[in-house]
Amino acid sequence: MKIGAQVSCYLTSWDDIRAVVETMEAGRWHSVYHADHFVPPNRPGASESEAAYEGYASMAAVASITNRLKLGHLVLGNTYRNPGLVAKMAGTIDHISHGRFTLAIGAGWFQREHEAYGWEFPSVRERSDRLEEACALLRMLFTSDSPVTYKGRYYSLDNAVLSPGSYQQSHIPIMVGGMGERRTLRTLAMYGDVFNVDGFAARGHGGMSLDLYKRKAEILNRHCERVGRDPSEIRHTVLMPMRLTDDESEARDFVEAIGPGTVAGPAGYVIERVGELFDAGVDEIMFGRLPNEPEEFQRIEEEVIAAFD
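Definitions and limits used
- Residues numbered from 1 in each chain as written.
- Predicted model: local features only at pLDDT ≥ 70, side-chain atom pairs only at ≥ 80, totals over all residues.
- Heavy atoms only, no water.
- Buried < 20%, exposed > 50% of the residue type's maximum accessible area, 1.4 Å probe, protein only.
- Helix = DSSP H or I, 4+ residues; strand = E, 2+ residues; numbered from the N terminus.
- Pairing = 2+ DSSP bridges.
- Right-handed = clockwise from strand over helix to strand, strands pointing away.
- Salt bridge = Lys/Arg side-chain N within 4 Å of Asp/Glu carboxyl O.
- Arc of directions from axis to C-beta.
- Polar contact = N/O pair within 3.5 Å; in protein donor to acceptor, adjacent residues only side chain to side chain.
- Core = buried A, V, L, I, M, F, W, Y, C linked by side-chain atoms within 4.5 Å.
- Contact = heavy atoms within 4.5 Å.
- 1 Å grid on protein atoms, 1.4 Å probe; cavity = no way out; pocket = protein on both sides within 12 Å on 5 of 7 lines; lining within 4 Å.
- Points joined across faces, edges and corners; volume = space filled by probe spheres on them.
- Nonpolar A, V, L, I, M, F, W, Y, C, P; charged D, E, K, R; others polar.
- Axes fitted to C-alpha atoms, helices over the stretch in contact; angles between N-to-C directions.
- Parallel < 35°, antiparallel > 145°, perpendicular 65-115°, else oblique.
- Left-handed = near helix turned anticlockwise from the far one by under 90°.

Novice: Give me the pairing of strand E5 (residues 103-106): which residues, what numbers.
Specialist: Here E5 shows a buried face lined by Leu103 and Ile105 and a second buried face lined by Ala104 and Gly106. The pairing of strand E4 (residues 76-77) with E5 spans 2 bridges and is parallel. Residue pairing for E5: Gly77 is matched across the bridge by Gly106. The β-α-β motif built from E4, the intervening helix H3 (residues 83-96) and the parallel element E5 has right-handed crossover chirality. Summarising the sheet, E5 and strand E8 (residues 174-176) pair through 3 bridges and their orientation is parallel. For Ile105, the partnering residue across the bridge sits in E8 and is Val176.

Here it is, written out as structure tokens:
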């Protein structure tokens, strides 16, 4: 039973990020993740001029100041970087961290930051096509012992060598972010190693719930059967927006802001919701939308994570 957190890398400072990560490293936390945004997304009142640290560079810094925590993103936007570059950066972080990195990537969704930085924002269909190609290319680079040549519609490699490659054995795991039932979960079945149910996106799927996890997991299993993949090879995780509070009105406001099924309330309630997911087969839960305050992370560790020791 593993519990990690998505530590905000926007609307914050590097000193605050570092203080939280150091608290996690010293405690019972299993993993730390960053988002991948270039302007703060979906935060009422936030200005585009406020800090948004680049997710890959900040995670490389986290890798260098930790020795134990697992590392990753929730999730990288495929539209922001060439996937060959993504693989090269992943190999570098995997070596810096001595094999603690998971490459997590999704199709990309935030149109405004594409506009701000001059990146094309294709249709949903094209972004899904690009993600599938990128995942195929990444898996080839991570698993090949020889140079890779790849020719797709959007991406290509010409006798490319990934060095440094995967530090960990057998290769850097690939998380395919998103819950799209026809395309994204099929791409995961073909090329991914980690499944993630995103509690922030759950509003569009009826809310975060045990039933949502079970439904998406069953669809993933059917895709695995169709493509000849053993579903037991894919690890299951959940990104869970969470607020630990004894204040009923604060909990209610948090749920209303994020969406139905969001976990907010006293420790006993949080433990119950986390426990039902672990019992259903989830391997790791990442808490999200936590304040970047070491004291809050320590309190969650003592009141929630300790219950699963």
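Novice: Residue-level account of the pattern of salt bridges, with values.
Specialist: According to the stated counting rule, one finds 24 salt bridges in the structure shown. Salt-bridge contacts for Arg81 lead to Glu54; the nearest nitrogen and oxygen are separated by 2.4 Å. On the criterion of sequence distance, the pair formed by Arg81 in the loop between E4 and H3 and Glu54 in the loop between strand E2 (31-34) and helix H2 (55-65) is long-range, its members being 27 residues apart. Overlapping salt bridges bring together Lys2, Arg235, Asp283 and Glu284 as one network.

Novice: Help me get a handle on H2, residues and values and all.
Specialist: The set of residues buried in H2 consists of Gly55, Tyr56, Ser58, Met59, Val62 and Ala63. Along the axis of H2, the buried residues cluster in a sector spanning 160 degrees; they form a single face. One side-chain oxygen of the residue at the start of H2 lies 3.1 Å from the amide nitrogen of Tyr56, identifying that residue as Glu54.

Novice: Run through the nonpolar core, naming residues and quoting values.
Specialist: Core analysis: the largest hydrophobic core is formed by 76 residues, its most contacted members being Trp29, Leu103 and Phe287. It is helix H5 (residues 124-143) that contributes the most residues to this core, 8 residues altogether. Apart from residues lying up to four places away in sequence, Leu103 is in contact with Tyr56, Leu76, Val86, Ala90, Leu138, Phe142, Ile172, Pro173, Ile174 and Met175. Among the nonpolar cores identified, the runner-up in size contains 7 residues, and Tyr33, Leu74, Ala104 and Leu239 belong to it.

Novice: I'd like a rundown of the layout of surface pockets, residues and numbers included.
Specialist: Taken as a whole, the second largest pocket encloses approximately 250 Å³ of empty space. The class makeup of the residues in the lining of the second largest pocket is 8 nonpolar, 8 polar and 1 charged.

Novice: Now, about the environment of Tyr269: what can you tell me, with residues and values included?
Specialist: Mapping Tyr269 onto the fold places it in helix H9 (residues 267-279). A C-alpha to C-alpha distance of 10.0 Å links Tyr269 and Thr245, two positions 24 residues apart in sequence. Beyond its immediate stretch of four places on either side in the chain, Tyr269 contacts Thr262, Val263 and Ala264. Looking at Tyr269, its side chain comes within polar contact range of the side chain of Arg273, at 2.7 Å.

Novice: Could you give me a rundown of the side chain of His223, with the residues and numbers involved?
Specialist: If you trace the backbone, His223 turns up in helix H7 (residues 210-227). Residue His223 is classed as buried on the basis of its relative accessible area, which comes to 9%. The residues contacting His223, other than those within four sequence positions of it, are Glu181, Arg182, Leu185, Arg186 and Ala189.

Novice: Before we move on, could you go through the packing of helix H1 (residues 14-26) against helix H10 (residues 294-303) and cite the residues and values that matter?
Specialist: Where H1 meets H10, the axes come as close as 8 Å, and the angle between the chain directions of the two elements is 25 degrees. Here H1 lies roughly parallel to H10, going by the angle between them. In the crossing of H1 with H10, the sense of the turn from one axis to the other is right-handed. Every residue of H10 that contacts H1 at Ala19, Val20, Thr23 and Met24 is listed here: Pro294, Phe297 and Gln298. In terms of residue class, the contact of H1 with H10 is built from 5 nonpolar, 2 polar and no charged.

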